[in-house]
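# Structural description and commentary
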Amino acid sequence: MASKPDTHENQDLENYAGGWISERKHTNVPPFLRATYIVVGICAVSYLIVQMYGDVSHPDRGSLVEQFNRATMTSPGLMYAIAAMAAAFFLAVILFAFRAEE
């Protein structure tokens, strides 16, 4: 005999990826995940800015990295533009996570 599915509990669930991922409707993002978004965003953008020219201060391979940068004509404007796009993306994610649920 097949059991009748409990529709009361399942009405609050929203399924994604064919049922592999489910979430309760009208739930907020947990605080630890919000903090993680901020930390990952700051770390990613700062890493892009600090390492934009490669590891030029390394004692062994620093001169090789500088030669590579000169040969490939590394563009600082492009690197800052990419870092700005990453910062805008993380800002959008943070605003999405912190916005009020309606």
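Residues numbered from 1 in each chain as written. Predicted model: local features only at pLDDT ≥ 70, side-chain atom pairs only at ≥ 80, totals over all residues. Heavy atoms only, no water.

In terms of regular secondary structure, the chain is built from four helices and two strands. Helices and strands in the chain line up, N terminus first, as α-β-β-α-α-α. Counting all 102 residues of the chain, 12% fall into the buried class. Residue pairs in contact within the chain that sit at least 24 positions apart in sequence constitute 45% of those at least 6 positions apart. Element-wise, carbon and sulfur atoms account for 65% of the exposed surface of the chain, whose accessible area totals about 8500 Å². (Helix = DSSP H or I, 4+ residues; strand = E, 2+ residues; numbered from the N terminus. Buried < 20%, exposed > 50% of the residue type's maximum accessible area, 1.4 Å probe, protein only. Contact = heavy atoms within 4.5 Å. Areas by Shrake-Rupley, 256 points an atom, 1.4 Å probe, with all protein chains shown as cover.)

Let us now look at the pairing of strand β2 (residues 21-24). Of the strand pairs in this sheet, strand β1 (residues 13-16) and β2 are connected by four bridges, and their pairing is antiparallel. Bridging from a neighbouring strand, E14 pairs with E23 of β2. Joining the antiparallel neighbours β1 and β2 is a turn of four residues, in which A17 adopts a positive phi near 55 degrees. (Pairing = 2+ DSSP bridges.)

The end-to-end C-alpha distance of helix α4 (residues 76-98), which contains 23 residues, comes to 33 Å, matching closely the 33 Å that a straight helix rising 1.5 Å per residue would cover. By the burial criterion, the buried members of α4 are A83, A86, F90, I94 and A97. Buried residues along α4 sit against α2 (31-50). (Expected span 1.5 Å × (residues − 1).)

Looking now at the packing of aromatic side chains. Per the counting criterion, the structure on display carries one aromatic pair. Ring centres 5.4 Å apart and planes at 70 degrees place the aromatic pair F89 and F90 in the edge-to-face group. The positively charged end of R34 is found above the aromatic ring belonging to F98, 5.0 Å away from the centroid. (Phe/Tyr/Trp six-rings, centres within 6.5 Å; stacked < 30°, edge-to-face > 60°. Lys NZ or Arg CZ within 6 Å of the ring centre and 35° of its normal.)

Now for the side chain of N69. If you trace the backbone, N69 turns up in helix α3 (residues 62-72). Apart from residues lying up to four places away in sequence, N69 is in contact with Y53, V56 and T74.

Within α3, burial applies to G62, V65 and N69. When α3 is viewed along its axis, its buried side chains cluster within an angular range of 60 degrees and face the same direction. Residues of α3 that are exposed and point over 90 degrees away from its buried face: L64, F68, R70 and A71. The positive-phi residue at the C-terminal boundary of α3 is M73, with phi of around 55 degrees. (Arc of directions from axis to C-beta.)

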